[in-house]
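Letter by letter, the chains look like this.
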Amino acid sequence: MDNLTTEKPRLVIIGGGAAGFFAAITAAENNPNLEVIIIEKGKDTLQKVRISGGGRCNLTHACFVPRDLVKFYPRGNKELLGPFHKFSTGDTIDWFDKRGVKTKIEDDGRVFPVSDDSQTIINCLWKAVKTAKVQIHTSQKLVNIQPPTAENPRYKLSFAQHSPIETDYLLLTTGSSAAIWDMLQSIDYQIIEPVPSLFTFNIKDERLKDLAGVAVPQAQVTVKSQKLSAEGSLLVTHWGLSAFAVLRLSAWGARVLHELDYKFEVVFNWTGFEKVQDVIDFLNEFKQENPRKHIQNYPQYGLPTRLWERLVAAAGIAPELNAADISKKQIQNLAAQLCQCTFAVNGKSTFKDEFVTSGGVALNQVDFGCFESRLHKNLFFAGEILDIDALTGGFNFQAAWTGGFLAGTEIANRAKS
Ligand SMILES: Cc1cc2nc3c(=O)[nH]c(=O)nc-3n(C[C@H](O)[C@H](O)[C@H](O)COP(=O)(O)OP(=O)(O)OC[C@H]3O[C@@H](n4cnc5c(N)ncnc54)[C@H](O)[C@@H]3O)c2cc1C
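Counting restarts for each chain, with residues numbered from 1 along the sequence as it is written. Reporting in this predicted model follows two pLDDT cut-offs: at least 70 for local features of residues, and 80 or more for side-chain atom pairs to be given and counted; totals over whole chains, interfaces and linings ignore these cut-offs and use all residues. Note that the side-chain values use all heavy atoms of the structure and ignore hydrogens as well as water.

Colleague: For this particular structure, what's the right way to read helix α11 (residues 305-314)?
Modeller: Along an α-helix, residues three or four positions apart point the same way, because every turn accommodates 3.6 residues. Exposure is judged per residue with a 1.4 Å probe applied to protein chains only, and the accessible area is read against the type maximum: over 50% gives exposed, under 20% gives buried, and values in between give partly exposed. Secondary structure elements follow DSSP: runs of H or I of four or more residues count as helices, runs of E of two or more count as strands, with numbering from the N terminus. For α11, every residue scored as buried is listed here: L307, W308, L311 and V312. Buried residues along α11 cover an arc of 135° about the axis, so they all sit on one side. Against β13 (215-223), α10 (276-289), α12 (328-339) and β17 (341-346) lie the buried residues of α11. After α11 finishes, the residue G316 shows a positive phi value of roughly 85°. By construction, the arc corresponds to the directions joining the helix axis to the C-beta atoms. Residues count as neighbours in contact if any of their non-hydrogen atoms are within 4.5 Å of one another.

Listed below in structure tokens is the structure:
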């Protein structure tokens, strides 16, 4: 990095992740006269892309209407509406398609490369940075930012083991780096406290014992004593419960659940949307129509047999009891197990396919027209460094692509004038 003596306008991007690469490519392609440099503290770049989506990289989501798309962002929904009108999910698919990456849409809307291999995305991004002549420096950690002064209009950047450099434009795409957030706080940025999002619930309960792998396609989960509720699939894991309903709740409740130290009660409606009284009526009907049958052998509401058996047992109904002999109380118990099944959550676990940090640079300090700081001209932010995060499904990368693209475009244009 010591030979950076060019007279060209310069953009330094700190952080060689999804947002950094996308911004660098956009800026360099739009303004060949701009010197674009990515500085990465790790030995390798794009590490999260590599491990993303279980190694397949769920790069975006097939939700093409900005107004619908923003609903997947517990933090950032208002701010991303404008940006998504400029660069959205369809643009991401086109961008990669034009560079030879074919993608496919899975049934749940998640978009992956046809290769099912995140390396395809990495290769594409690397090819594009090389073609656009972006310089990449790894193993260099930014340790200080000195904003422009009356004497020096450039940003001065200091590194752990290398000499400082100056730049006209600075883009921070450092993801969830506590050190960078501290640095920003020291130059007056408000940082929303980072807390994890997208996690699963630890639950130890006899009703779930040895049921790992059992899944329910549509359930409702509510956090007791909070106005927090989510719907979707549920999966019993070795340590508790996961799948979309739980991840969705963990994202919307990231902050509240953190405050509860991840100890709270959840109520599951395994049937999806049935009301207790309707279930009682239905079970009474079953009883009348099938007096000699053992209800345990007749799973209802599409529930897997093993889970149904556990809920019947938890309702106090013995396996050999004829339906005709099930008491009113037992019917009520079973309806409660089905619609208001309460579990104590004690801690959280990482969802290995995707997790993010909620928190970061406060959104009121950023101009989302181009992701520029409102405090310092020519300083931009994109990706997870911002207090933006989304549900699982490709939305987090989309925020990084969109921010990177808009910041890169603006810097390229500004550097032309
Ligand atoms: C296991 C896992 C799987 C995921 N899967 C998906 C998925 O399939 N789909 C999806 O949409 N999202 C997924 N995500 C979320 C997604 O990876 C992030 O939202 C996205 O990577 C954010 O990109 P970014 O460029 O902002 O930050 P990052 O990708 O985190 O990149 C930041 C970079 O900055 C560097 N850096 C930090 N500090 C410094 C410093 N001081 N100096 C220099 N460099 C620095 C870091 O080393 C890092 O390389 C997943 C996350 C995880 C953890």
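Colleague: Which parts of the structure should I look at to understand the domain arrangement of the protein?
Modeller: Accessible area lost on assembly of the parts is the figure often given for the size of an interface. Each assigned domain of the protein is listed with its residue range as follows: domain 1 (10-195 + 356-416) and domain 2 (199-350). At the interface, 13 residues of domain 1 touch eight residues of domain 2. Buried area, as used here, totals the accessible surface that two parts lose on assembly, with accessibility defined by a 1.4 Å probe and the loss added over both. Of the roughly 910 Å² buried where domain 1 meets domain 2, counting both sides, 62% is carbon and sulfur surface. For domain 1, the biggest contributors to the area lost against domain 2 are V195, L391 and T392; these three give 48% of the whole. A pair is scored as a salt bridge if a Lys or Arg side-chain nitrogen falls within 4 Å of a carboxyl oxygen belonging to Asp or Glu. Linking domain 1 with domain 2 are zero salt bridges, by the criterion used here. In protein, a polar contact requires one atom able to donate a hydrogen and another able to accept it; more generally it is a pair of N or O atoms within 3.5 Å, and residues adjacent in sequence count only if both atoms are side-chain atoms. Our enumeration of links across domain 1 and domain 2 arrives at three residue pairs in polar contact (both at pLDDT 80 or more). Looking at the side of domain 1 that touches domain 2, the elements with two or more residues in it are β11 (191-197) and β19 (356-361). Looking at which element gives the most residues to the side of domain 1 that touches domain 2, the answer is β11, with three residues. The residue inventory of the side of domain 1 that touches domain 2, partitioned by class, reads six nonpolar, four polar and three charged. Source of the domain bounds: an automatic or database domain assignment. Here the term charged refers only to Asp, Glu, Lys and Arg, the term nonpolar to Ala, Val, Leu, Ile, Met, Phe, Trp, Tyr, Cys and Pro, and the term polar to all other amino acids, Gly among them.

Colleague: Can you walk me through the pairing of strand β2 (residues 35-39) in this structure?
Modeller: Looking down a regular strand, the side chains alternate between one sheet face and the other. Counted residue by residue, β2 has five buried out of five residues, so it is predominantly covered. Bridge analysis of strand β1 (residues 10-14) against β2 gives five bridges, and the strand direction is parallel. Paired with R10 across the bridge in β2 is E35. Orienting the strands away from the viewer, one traces the path from the first strand over the helix to the second; a clockwise path indicates a right-handed crossover. What joins β1 to β2 is helix α1 (residues 18-30), and the crossover it makes is right-handed. Note on pairing: two strands pair once DSSP finds at least 2 bridges between them. Bridge analysis of β2 against strand β6 (residues 135-137) gives three bridges, and the strand direction is parallel. Across the sheet, I38 pairs through a bridge with I136, a residue of β6.

Colleague: Could you clarify how one ought to interpret the pattern of salt bridges in this entry?
Modeller: Side chains carrying opposite charge are able to pair once their charged atoms draw close together. Scanning all chains against the criterion turns up 19 salt bridges. Notably, a salt bridge pairs K224 with E265, separated by 3.6 Å at the nearest N-O pair. Here K224 is found in the loop between β13 and β14 (228-236), whereas its partner E265 is found in strand β16 (residues 263-269), with 41 residues between them in sequence. You can call K224 partly exposed: its relative accessible area is 39%.

Colleague: For this particular structure, what's the right way to read the packing of helix α4 (residues 77-86) against helix α13 (residues 395-416)?
Modeller: Packed helix pairs are specified by the crossing angle of their axes together with the interaxial distance, meaning the distance between the axes. All axes here are fitted lines through C-alpha atoms, helices being fitted over the stretch that makes contact, and every angle between N-to-C directions spans 0 to 180 degrees. Put simply, α4 and α13 touch, their axes get as near as 10 Å, and they point 70° apart. Taken together, the axes of α4 and α13 are roughly perpendicular relative to one another. Along this stretch, α4 crosses α13, giving a crossing that reads as left-handed. Of α13, the residues touching α4 (which contributes L80, P83, F84 and K86) are Q398, A399, T402 and L406. Class assignment of the residues belonging to the contact of α4 with α13 gives a composition of five nonpolar, two polar and one charged. What sets the label is the angle itself: under 35 degrees gives roughly parallel, over 145 gives roughly antiparallel, 65 to 115 gives roughly perpendicular, and the rest give oblique. The crossing is said to be left-handed when, going from far helix to near helix, the turn is anticlockwise and less than a right angle, and right-handed when the turn is clockwise.

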